[in-house]
Amino acid sequence: MNPQSLLASASINIGLALVVLSLFSVFKKQPSNAPVYYARRLAKRHHIPFDPPLTLRRFLPSVSWIPRAFRVTEDEIVQSSGLDALIIIRLFKFGIKFFLPCTLIGLVILLPVNYNGQDGPPVDYLSMDSLAISNIRKGSDRLWVHFTCLWLMSFYGLYLLYKEYKEILGKRIHQLQIIRHRPDQFTVLVRGIPLCTGHKARGCSVDHFFSKHHPYSYHSYQMMFNGSYLEDLLDQAKSTARKIEDLRKRSSVEKHNREFLLLCTNGEDSAKITLLEEKLQELSHRIHQLQCEDMLQDKELPVAFVIFKSRWGAALAAQSQQHSHPLLWTTEVAPEPRDVSWKNLAIPNRVLPLYKIGVILAATLLTIFFAVPVTAVQGIARFEKLKKWFPPAMAVQLIPGLSSIVTGYLPSVILNGFIYVIPFAMLGMAKLAGYVSKSKEELKACDMVFYFLVGNVFFLSLVSGSLLDEIGESVTHPKNFPSHLARAVSAQGDFFITYILTDGLSGFSLEILQPGLLLWDLIKSLTYRRGKEKKPYLYSLPYFRVIPVVSLAMLIGMVYALVAPLLLPFLICYFCLGYVVYINQIADVYEVTYETCGKYWPYIHHYILVAIILMQVTMIGLFGLKSKPAASICTVPLLLFSLLFNGYCKLRFYPTFRNYSIQVFMQLRCYYFTCYPRHPYVLNMNFLDVCVSFTNWLYPVVCSLFRHWRLPMFTWSFSPILFVCYSLTGNAFRFWMFVKVGTWTENEGQYFTNE
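Residues numbered from 1 in each chain as written. Predicted model: local features only at pLDDT ≥ 70, side-chain atom pairs only at ≥ 80, totals over all residues. Heavy atoms only, no water.

Student: Account for the overall build of the chain, with residues named and values stated.
Tutor: Regarding its fold elements, the chain presents 31 helices and four strands. Of the roughly 37900 Å² that the chain leaves accessible, carbon and sulfur atoms contribute 66%. (Helix = DSSP H or I, 4+ residues; strand = E, 2+ residues; numbered from the N terminus. Areas by Shrake-Rupley, 256 points an atom, 1.4 Å probe, with all protein chains shown as cover.)

This is the structure in structure tokens:
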């Protein structure tokens, strides 16, 4: 790719971003677009101020939303949207923190070193290769500059990763301590429940099992039933109720018009409403019949939600094996009620591995088929070589400037268009894998999308580009293939610059404009929803799409930070624009549908660490191909240190994200006792602790008095009898106090979840 193509791509992307952001600032000021741009605030019934209708300010573009985004604090994001939303913002901030010093190093140190890599100005000073590491001659000592920068960037990246992981862990623990309305903290999901042979039901089996093995913390249970047969009836009931509501609104309007025009009334709508009401009543009766206990018993699933009296009791049950048979009585932490994927609860526990294998095979096939468009995109980008293999492509050169647009802008647009579909396809596959919560489905989709993008967009772009670029010489001189491949890797930097420009400027601009929703809202307003009240377009924050795509951009930036430093300034613009856009989207547009308290960060940490390792492996290969084996050997310890750092972080931080800490839940109990000292439950428990402590103190005091008075042996030898009496009295007192408090154990959930 020549500089003219890169300039054409940059100009088109920057111009498109300015136009789109200007349109967004104008459209956001129109009240008719509030369901699109203020969906979340409308759902919460917040007041949205708009300018008066006939004012010039309402139709002029503005940038007031940009400085407002930078004024939003992390505490405000956590309070309004949760820790998961903050993870997205911290990802963009991590990119800014990492690439800002790297950009200074790249522009001030590496670019001059690369430009003078041939011990003088390059012959082709207009080529992009003159600013890359490929311009340095073999065996040059200038490569030690890249070696030093590699160590600096690697240690700086690992330091930021450790710092971020530690801070996110602290925020997760704090978030778990302040949310007291979450019933899932007291609930365990149990699967693989055997049938009770005596009662021919699984419900009594659950009650017997947990009453026996968790007698002091078990509270109750709720069995799950297969309700697929009710879905059609519920859908019919909702549709009928919606028709009745529409007919009533229409008849009231028509009645008002007829009274105004002194016309006769028509009873057709009243008759339709009566028929629909009878149908709705019949559907409700059938639904109630199917929900009776006798009918439900036949639809009972081997799945139940078991409720415990304390958080630590639920945590112990969820994180331990309940039965010697690993497929029976399997337990896990229950998801939030709004996070549960109810359909997947009906999938038997034994066949879940088959579902996951099928998803892996489907993702593999999609990855293979996606190689076709990636190779085609690289063919367009390598237009000069493509002309030799496909002569009709020379017709593009007949129009001045068109070849620069085709080779500079068109490949990245096509690639981003294909990439946009991939996260939704992967999420659909993850939904078929049988996960019991939406959050687990999106976490799995994040993994699948990231590795798909790394394999297809990154590696396949390198391989296809190098094959199209050097296929002739590689066949005639196979021994020189490694050197040609290394040069092709550095030559692909200009393609990834255009990719970052298109994904950042155009992608983030279209994300904030929401053109699809605007068009759909316009069509609805002009057709079947004309004159009706608009409802906000509420959607969940697409973690499965944002995290892998941004992580891929970070991987590209880290790998090319030393190979082609000219890419780094574009990455700074990428992360800054993404930060501003998603601050706005989180505050005004996207709805919070679940909260995992930061479980996305271990995945992000892993993706960034993969990027750092790939950067080091790439430089090891380049040092070897540049005839600098000493630098390659000295980079191996850095690679080993990065792998050890990864292992340490898995031991130090990851278990707290995967499991619930008993210490945290006990601290949470102390937190409640401190924050609610006058609560009846706290007062009763404190009084109980005092009384029990008094009875525990009384026995040794009485025994010591017996010894001090030197009573006969037969007298104070009755101390075991005294101890038995003390035990019976103390236990009777405890029983009375527990009945008074209303629980057999802490049971803080019963008292504090509704505070």
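Student: Mind laying out the packing of helix α17 (residues 410–431) against helix α20 (residues 493–513), listing which residues take part and the relevant values?
Tutor: Where α17 contacts α20, the two axes come as close as 9 Å, and the packing angle between them is 55°. Between α17 and α20, the interaxial angle falls into the category oblique. Where α17 crosses over α20, the two elements pack in a sense that is right-handed. In contact with Pro-411, Ser-412, Val-413, Leu-415, Asn-416 and Ile-419 of α17, α20 contributes Phe-495, Thr-498, Tyr-499, Thr-502 and Asp-503. (Axes fitted to C-alpha atoms, helices over the stretch in contact; angles between N-to-C directions. Parallel < 35°, antiparallel > 145°, perpendicular 65-115°, else oblique. Left-handed = near helix turned anticlockwise from the far one by under 90°. Contact = heavy atoms within 4.5 Å.)

Student: So, the packing of aromatic side chains: which residues are in play, and what are the values?
Tutor: Considering all chains together, one arrives at 39 aromatic pairs under this definition. With a centroid separation of 5.3 Å and an interplanar angle of 75°, the aromatic rings of Phe-450 and Tyr-451 are classed as edge-to-face. Chaining the aromatic ring pairs together yields one cluster made of Phe-92, Phe-94, Phe-98, Phe-99, Tyr-156, Phe-508, Tyr-574, Phe-575 and Tyr-582. (Phe/Tyr/Trp six-rings, centres within 6.5 Å; stacked < 30°, edge-to-face > 60°.)

Student: Give me α17: which residues, what numbers.
Tutor: Look at α17: 33 Å from first C-alpha to last across 22 residues, which is about the 32 Å you get at 1.5 Å a residue. Buried within α17 are the following residues: Pro-411, Ser-412, Leu-415, Asn-416, Ile-419, Ile-422, Pro-423, Met-426, Leu-427, Met-429 and Ala-430. (Expected span 1.5 Å × (residues − 1). Buried < 20%, exposed > 50% of the residue type's maximum accessible area, 1.4 Å probe, protein only.)

Student: Describe the nonpolar core, listing the residues and the values that go with them.
Tutor: By size, the foremost hydrophobic cluster in this structure holds 138 residues, and its most contacted members are Phe-92, Phe-99, Phe-458, Met-558, Tyr-560, Tyr-582 and Ile-608. Counting residues per element, this core draws most heavily on helix α22 (residues 543–563), at 17 residues. Ranked by size, the runner-up nonpolar core spans 15 residues in total, among them Val-206, Phe-209, Ala-314 and Ala-317. (Core = buried A, V, L, I, M, F, W, Y, C linked by side-chain atoms within 4.5 Å.)

Student: For the state of the cysteines, give the residues involved together with the corresponding values.
Tutor: What the rule picks out here adds up to zero disulfides. Here Cys-102 stays unpaired: no disulfide links it, and the sulfur of Cys-149, its closest cysteine neighbor, is 9.1 Å away. Residue Cys-102 is classed as buried on the basis of its relative accessible area, which comes to 2%. (Disulfide = S-S within 2.5 Å.)

Student: Run through unusual backbone geometry, naming residues and quoting values.
Tutor: For Trp-329, which is not glycine, the phi dihedral falls at a positive 55°. Summarising the element assignment, Trp-329 is placed in the loop between α12 (311–318) and β4 (330–333). On the accessibility criterion, Trp-329 (5% relative accessible area) is buried.

Student: So what's going on with the sheet that holds strand β2 (residues 218–225)? Which residues, and what values?
Tutor: Spatial strand order, β2-β3-β1-β4: four strands in an open sheet with antiparallel pairing. In this open sheet, the two edge strands, each paired with only one partner strand, are β2 and β4. On average, adjacent strands in this sheet sit at an angle of 30° to one another, irrespective of strand direction. Summarising the sheet, β2 and strand β3 (residues 300–308) pair through six bridges and their orientation is antiparallel. Bridge pairing links Tyr-221 to Val-306 in β3. (Pairing = 2+ DSSP bridges.)

Student: So what's going on with the packing of helix α6 (residues 83–115) against α22? Residues and values would help.
Tutor: At their nearest, the axes of α6 and α22 sit 10 Å apart, and the two run at 15° to each other. Classified by the angle their axes make, α6 and α22 are roughly parallel. Crossing angle aside, the handedness with which α6 passes α22 is left-handed. Here Asp-84, Ala-85, Ile-88, Leu-91, Phe-92, Phe-94, Gly-95, Phe-98, Phe-99, Leu-110 and Asn-114 of α6 come into contact with α22, specifically with Tyr-543, Val-546, Ile-547, Val-550, Ser-551, Met-554, Gly-557, Met-558, Ala-561, Leu-562 and Val-563. Partitioned by chemical class, the residues of the contact of α6 with α22 number 17 nonpolar, four polar and one charged. (Nonpolar A, V, L, I, M, F, W, Y, C, P; charged D, E, K, R; others polar.)

Student: Before we move on, can you summarise the side chain of Glu-442 with the specific residues and values?
Tutor: Tracing the backbone shows Glu-442 in helix α18 (residues 438–476). One buried charged residue, Glu-442, remains without a salt bridge, the closest side chain of opposite sign being Lys-431 at 6.6 Å. Residue contacts for Glu-442: discarding those within four places in its chain leaves Leu-427, Ser-540, Leu-541, Tyr-543, Phe-544, Tyr-594 and Tyr-600. (Lys, Arg positive; Asp, Glu negative; His and termini not counted. Salt bridge = Lys/Arg side-chain N within 4 Å of Asp/Glu carboxyl O.)

Student: Residues and numbers for the pattern of salt bridges, please.
Tutor: Taken as a whole and judged by the stated rule, the model has 15 salt bridges. A salt bridge links Glu-74 to Lys-171; its shortest N-O distance comes to 3.7 Å. Here Lys-171 lies in helix α7 (residues 143–178) and Glu-74 lies in helix α5 (residues 74–81), a separation of 97 residues in the sequence. Accessibility expressed as a relative area gives 19% for Glu-74, which makes it buried. The class of Lys-171 is partly exposed, set by a relative accessible area of 24%. Put simply, Glu-167 and Arg-90 hold a salt bridge, and the shortest N to O gap is 2.5 Å. Here Arg-90 lies in helix α6 and Glu-167 lies in helix α7, a separation of 77 residues in the sequence. Accessibility expressed as a relative area gives 32% for Glu-167, which makes it partly exposed.

Student: Describe a nonpolar patch on the surface, naming the residues involved and giving the relevant values.
Tutor: On the surface, a nonpolar cluster with roughly 640 Å² of combined accessible area is contributed by Leu-519, Trp-520, Leu-522, Ile-523, Leu-526 and Tyr-528. The residue Trp-520 is located in helix α21 (residues 515–526) in this model. The class of Trp-520 is partly exposed, set by a relative accessible area of 40%. (Patch = residues over 30% accessible without salt bridge, like charges linked within 9 Å, V, L, I, M, F, W, Y side chains within 5 Å.)

Student: Quick one: what's the story with the confidence of the model for the chain, residue by residue and with numbers?
Tutor: Here the chain averages 78 in pLDDT, and 74% of its residues register 70 or above. Between residues 710–719, whose pLDDT stays under 50, and residues either more than four places distant or in other chains, the model counts seven contacts. With pLDDT under 50 throughout, residues 733–755 is counted as low confidence; its partners more than four residues away or in other chains account for 54 contacts. (pLDDT = per-residue confidence, 0-100.)

Student: I'd like a description of the environment of Pro-53, backed by residues and values.
Tutor: Summarising the element assignment, Pro-53 is placed in the loop between α3 (39–43) and α4 (65–71). When the C-alpha atoms of Pro-53 and Lys-29 are compared, they prove to be 9.9 Å apart, with 24 residues separating the residues in sequence. Filtering out sequence-adjacent residues up to four positions away, Pro-53 remains in contact with Arg-58 and Phe-59.

Student: A description of the side chain of Ser-509 should follow, citing residues and the corresponding values.
Tutor: The residue Ser-509 is located in helix α20 in this model. Apart from residues no more than four positions distant in its own chain, Ser-509 is found in contact with Ala-17, Val-20, Leu-21, Gly-504 and Leu-577.

Student: Now, about the pairing of β3: what can you tell me, with residues and values included?
Tutor: In terms of burial, β3 is largely enclosed, as seven of its nine residues are buried. Bridging between strand β1 (residues 187–191) and β3 involves five bridges; their strand directions are antiparallel. Residue pairing in the sheet places Val-188 in a bridge with Val-306 of β3.

Student: Describe the environment of Tyr-603, naming the residues involved and giving the relevant values.
Tutor: For Tyr-603, the location among the structural elements is in helix α24 (residues 601–625). As for Tyr-603 and Pro-548, which are separated by 55 residues in sequence, their C-alpha atoms are 9.6 Å apart. Once you skip the residues sitting within four places of it in the chain, Tyr-603 turns out to touch Leu-443 and Asp-447.

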